[in-house]
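Read off the chains here:
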Number of protein chains: 2
Amino acid sequence: MKIIELKETVTASNDRDAEVLRGELKKKGTLLVNLMASPGAGKTTLLERTIRDLKDELRIAVMEADVDSDVDAVRIENIGARAVQAHTDGMCHMDAGMTRRALEALGDEPFDLVVLENVGNLICPAEFDTGAGKCVMLLSVPEGDDKPLKYPLMFSKSDVLIITKTDVLPYFDFDIDACVQRARKLNPTIRVFAVSAKNGDGFEAWEEWLKTAVLNWKNETVTE
Amino acid sequence: MKIIELKETVTASNDRDAEVLRGELKKKGTLLVNLMASPGAGKTTLLERTIRDLKDELRIAVMEADVDSDVDAVRIENIGARAVQAHTDGMCHMDAGMTRRALEALGDEPFDLVVLENVGNLICPAEFDTGAGKCVMLLSVPEGDDKPLKYPLMFSKSDVLIITKTDVLPYFDFDIDACVQRARKLNPTIRVFAVSAKNGDGFEAWEEWLKTAVLNWKNETVTE
């Protein structure tokens, strides 16, 4: 497994770099998903289960972005998917140039789906377009249902909100309806899934959405 | 309750500004604690219980820093403590100048302890000295025991690590010993407390430490 050391990209426009990268990925038929959440919301655990379920249908790779360590990339490789670990030189997010370099580190093999597991952070990653075709955010039940009020940009920028760790709902005061209402106030079209990687609840719907998104991306139709 | 809108401080040296602020607070006998954690780790809940327990012994105020909303400051005022809500203009941390302006918004009343509840984030807040006398970080059980590996600077910069939500230990794979070992590898002198705000476990030890820290700060002896 490769570990790459990245530095912030010095460029005139991250937005333009992201558009160019998105266009290139579109041509290749590769959907890049930018997966964002707080530390410990369950990004890697969601990916482990999703990859296990879909690896016979889709060619999937994962780019892990962290300030340090390679524990997540090792977990992904342990289930047989290609992974690369990107270190962000202390930075709290990935930009389009860093994402491009991480993609290059994956090599030339074609993938249907590449997931960028962004740095654990509900603020900075939302401010930088990485070139992804879809942005997916996770909010775990233990974090609380008030998070859309405090981190509005993340909820506004995401195509999908996945509420994770629903198996522990009985032990926390988390009102799913209130949370979804707050998220929809910021982003009326956000798709919401509620899942538990422990018992598998909700994974069918999320994986169905993901497969359709990959298919739509390849067919160059507008995805939902 | 006051809401103040802050902008990043433009200054030659944040470190110097922080030293000046720390000196001023020392003269006043006010201990400023910089409380840092991921979103949803339980910062406000910890403060609510701590303030309830100590408000007859210490004059306490809280500065809530968030990108948006005032839910946390309202919670603190509901238990009868002075609070101010600072909005960070999208920024992921507080610097020394922002902290100074938030302190000014608290007014002239003397306090023994002022807690800055920093923006929910395990990366950026660790990079900026706020002028605090003590840095305290929270890591909640649901976030996982691997966090010292991924966010080393936060663990290195903190005087105290509080492991929160220990009441849900049975439902998560969280190894306290492994976590503490990882934290101590980065920071051999870090003090560790494990608490549950739901059942009160561990609060006595944490509050004892906090009272001693306030006392030591006032007496100008070196705090432990």
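This report concerns the structure included in the present document. (Residues numbered from 1 in each chain as written. Chains lettered and ligands numbered in written order. Predicted model: local features only at pLDDT ≥ 70, side-chain atom pairs only at ≥ 80, totals over all residues. Heavy atoms only, no water.)

## What about the packing of aromatic side chains?
Any aromatic ring pair is given by two values, namely how distant the centres are and how the planes are angled relative to each other. We apply this condition: When two rings of Phe, Tyr or Trp (its six-membered ring) have centres within 6.5 Å they constitute a pair, described as stacked for plane angles under 30 degrees, edge-to-face for angles over 60, and tilted for the intermediate range. In DSSP terms, a helix is any run of H or I states spanning at least four residues, a strand is any run of E spanning at least two, and both are numbered starting from the N terminus. Each residue gets one of three labels from its accessible area relative to the maximum for its type: buried under 20%, exposed over 50%, partly exposed in between, using a 1.4 Å probe on protein chains only.
A full pass over the atoms with the stated rule returns 5 aromatic pairs over all chains. Taking 5.9 Å as the distance between ring centres and 15 degrees as the angle between the ring planes, the aromatic pair formed by B:Trp206 and B:Trp209 counts as stacked. Linking B:Trp206 with B:Trp209, this pair stays in helix α8 (residues 203-219), spanning 3 residues, or about one helical turn. No difference in accessibility class separates B:Trp206 from B:Trp209, as the two residues are buried. Taken together through their ring pairs, the aromatic side chains of A:Phe193, A:Trp206 and A:Trp209 make up a single cluster.

## A short note on unusual backbone geometry
At A:Lys165, a residue that is not glycine, the phi angle is positive and equals roughly 65 degrees. With respect to the helices and strands, A:Lys165 occurs in the loop between β7 (160-164) and α7 (176-186). Even without being a glycine, B:Ser69 presents a positive backbone phi close to 75 degrees. Turning to its location among the elements, B:Ser69 is positioned in the loop between β3 (60-66) and α3 (71-78).

## Considering the relation of the copies chain B and chain A
For clarity, the cut-off: The fit set for superposing copies consists of C-alpha atoms from residues with pLDDT of at least 70 in both; the fit itself is least squares.
After a rotation of 180 degrees and a shift along the axis of 0.0 Å, chain B superposes on chain A with an RMSD of 0.0 Å. Such a combination of rotation and displacement between the chain copies is what one expects of a two-fold axis.

## Concerning the interface of chain B and chain A
The cut-off we apply is this: Any two residues whose heavy atoms approach within 4.5 Å are treated as being in contact. Buried area counts how much accessible surface, traced with a 1.4 Å probe, disappears from two parts once they are put together, with both parts' losses summed. By definition, a salt bridge exists where a carboxyl oxygen of Asp or Glu is found within 4 Å of a side-chain nitrogen of Lys or Arg. Lys, Arg, Asp and Glu make up the charged group, whereas Ala, Val, Leu, Ile, Met, Phe, Trp, Tyr, Cys and Pro make up the nonpolar group; the residues left over, Gly among them, are polar.
Each partner contributes to the interface: chain B provides 33 residues, whereas chain A provides 33 residues. Between chain B and chain A, the buried area comes to about 2500 Å², and carbon and sulfur atoms account for 59% of it. Among the residues chain B hides against chain A, the three largest losses belong to B:Pro39, B:Lys150 and B:Tyr171. Together they make up 23% of the total. Summed over the shared surface of chain B and chain A, the result is 2 salt bridges. B:Lys150 is paired through a salt bridge with A:Asp72; the nearest N and O atoms lie 2.7 Å apart. It is helix α5 (residues 147-150) of chain B that contributes the most residues to the side of chain B that touches chain A, 3 residues altogether. Looking at the side of chain B that touches chain A residue by residue, the classes come out as 16 nonpolar, 6 polar and 11 charged.

## Regarding the environment of B:Thr30
All names here are of chain B. We count it as follows: Counting of polar contacts relies on pairs of N or O atoms within 3.5 Å, with two restrictions inside protein: one atom must be capable of donating a hydrogen and the other of accepting it, and residues adjacent in sequence are counted only when both atoms are side-chain atoms.
Looking at where Thr30 falls in the secondary structure, it is placed in the loop between α1 (14-28) and β2 (31-36). A relative accessible area of 6% places Thr30 in the buried class. For the pair formed by Thr30 and Pro110, sequence separation is 80 residues and the distance between their alpha carbons is 7.7 Å. Setting aside its immediate chain neighbours within four residues, Thr30 contacts Leu25, Phe111, Asp112, Val114 and Trp217. For Thr30, the side chain forms a polar contact with the main-chain oxygen of Phe111, separated by 2.8 Å.

## Some words on the packing of helix α2 (residues 43-54) of chain A against helix α3 (residues 71-78) of chain A
In a packed pair of helices, the relevant descriptors are the angle between the two axes and the axis-to-axis distance. Residues and elements named next belong to chain A. So the rule is basically this: For helices, the fitted axis covers only the stretch in contact; all axes are lines through C-alpha atoms, and the angles between them, taken along N-to-C directions, range from 0 to 180 degrees. We call two directions roughly parallel when the angle between them is under 35 degrees, roughly antiparallel when it is over 145, roughly perpendicular when it lies between 65 and 115, and oblique otherwise. For a crossing to be left-handed, the near helix must be turned anticlockwise from the far one by less than a right angle; the clockwise case is right-handed.
Axis separation between α2 and α3 bottoms out at 10 Å; the angle between their running directions is 15 degrees. One way to sum up the angle between α2 and α3 is to call them roughly parallel. The chirality of how α2 crosses α3 is right-handed. When α2 is examined against α3, the residues Thr44, Thr45, Leu47, Glu48 and Ile51 are found in contact with a partner set consisting of Asp72, Arg75 and Ile76.

## A closer look at the pattern of salt bridges
Enumeration according to the criterion identifies 29 salt bridges over all chains in this entry. Across the pair B:Lys7 and B:Asp89 runs a salt bridge, and its minimum N-O distance is 3.3 Å. One end of the pair, B:Lys7, is in the loop between β1 (2-5) and α1; the other, B:Asp89, is in the loop between β4 (82-87) and α4 (96-105), and 82 residues separate them in sequence. Two residues, B:Lys147 and B:Asp146, come together in a salt bridge whose shortest N-O distance is 2.6 Å. The same class applies to B:Lys147 and to B:Asp146, which are both buried. Several salt bridges converge on common partners, so that one network encompasses A:Asp146, A:Lys147, A:Lys150, B:Glu48, B:Asp72 and B:Arg75.

## Focus: the sheet that holds strand β7 (residues 160-164) of chain B
Residue and element names in this part refer to chain B. This is how it is decided: Whether two strands pair comes down to DSSP finding at least two bridges between them.
Overall, parallel pairing links the 8 strands, which are arranged β1-β4-β3-β5-β2-β6-β7-β8 in an open sheet. With partners counted over all chains shown, the strands left at the sheet margins are β1 and β8 (191-194), one partner each. Adjacent strand axes in the sheet meet at a mean angle of 20 degrees when their direction is disregarded. Sheet analysis places β1 next to β4, joined by 4 bridges and oriented parallel. From the neighbouring strand, Lys2 faces β4, where its bridge partner is Val84. The strands that α4 touches are β1, β2, β3, β4 and β5 (113-117); relative to β1, the one it contacts most, it runs at about 155 degrees.

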